[in-house]
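Survey of secondary and tertiary structure
What follows is each chain in one-letter form.
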Amino acid sequence: QVQLVESGGGLVQPGGSLTLSCVASGFTFDNYLMSWYRQAPGKEREFIASIISTGGIMDYADSVKGRFTISRDNAKNTLYLQMDSLKSEDTAVYYCNVVLEGKVADTADIYWGQGTQVSVSS
């Protein structure tokens, strides 16, 4: 079974830093693009960052570009999100994501972790 388990969230002051981790299992981790999303109360889940299977190409939402860094350690089946210069608007539940081939041809299965809370407040 596919599992994604996030950790590392917490309470931090504006301008502070946190590192999130996502440990993956149940699929061949180094074959797939991995992503981070976040969801604030009352808002839709939004894309934050993604990284290709080998870790050489990353993509970021404009809202976090220059402040967040996505990375992966394929030997540990782990995805990371380094968050620096945090702002109050970064407060949200952060989710790890992977899209795998579906059981039916030309479909896909989307998997999410349980989420980890990040709260930025003075």
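Anything mentioned here points back to the structure above.
Overview of the structure. (Residues numbered from 1 in each chain as written. Predicted model: local features only at pLDDT ≥ 70, side-chain atom pairs only at ≥ 80, totals over all residues. Heavy atoms only, no water.)

1. Examining the overall build of the protein chain
Note the cut-off: Numbering of helices and strands starts at the N terminus; helices are DSSP runs of H or I of at least 4 residues and strands are runs of E of at least 2. We call a residue buried when its accessible area falls under 20% of the maximum for its residue type, exposed when it is over 50%, and partly exposed in between, using a 1.4 Å probe and counting protein chains only. Whether two residues are in contact is decided by their heavy atoms: any pair within 4.5 Å suffices.
Regarding its fold elements, the protein chain presents zero helices and eleven strands. The principal-axis extents of the C-alpha atoms in the protein chain amount to approximately 50 × 30 × 25 Å. When burial is assessed residue by residue, the protein chain has 39% of its 122 residues classed as buried. Of the contacts made within the protein chain by residues no fewer than 6 positions apart, 52% connect residues no fewer than 24 positions apart.

2. Section: the side chain of Arg38
Counted only if it meets this: The definition of a polar contact used here is a pair of N or O atoms within 3.5 Å, where within protein one atom must be able to donate a hydrogen and the other to accept one, and adjacent residues in sequence count solely through side-chain atom pairs.
Along the polypeptide, Arg38 turns up in strand β4 (residues 34-39). Within the structure, Arg38 has its side chain in polar contact with the side chain of Asp90 (distance 2.9 Å). At 2.9 Å, the side chain of Arg38 and the side chain of Tyr94 are in polar contact. Apart from the residues within four sequence positions on either side, Arg38 is in contact with Glu44, Arg45, Glu46, Ile48, Ser63, Val64, Phe68, Glu89, Asp90, Ala92, Val93 and Tyr94.

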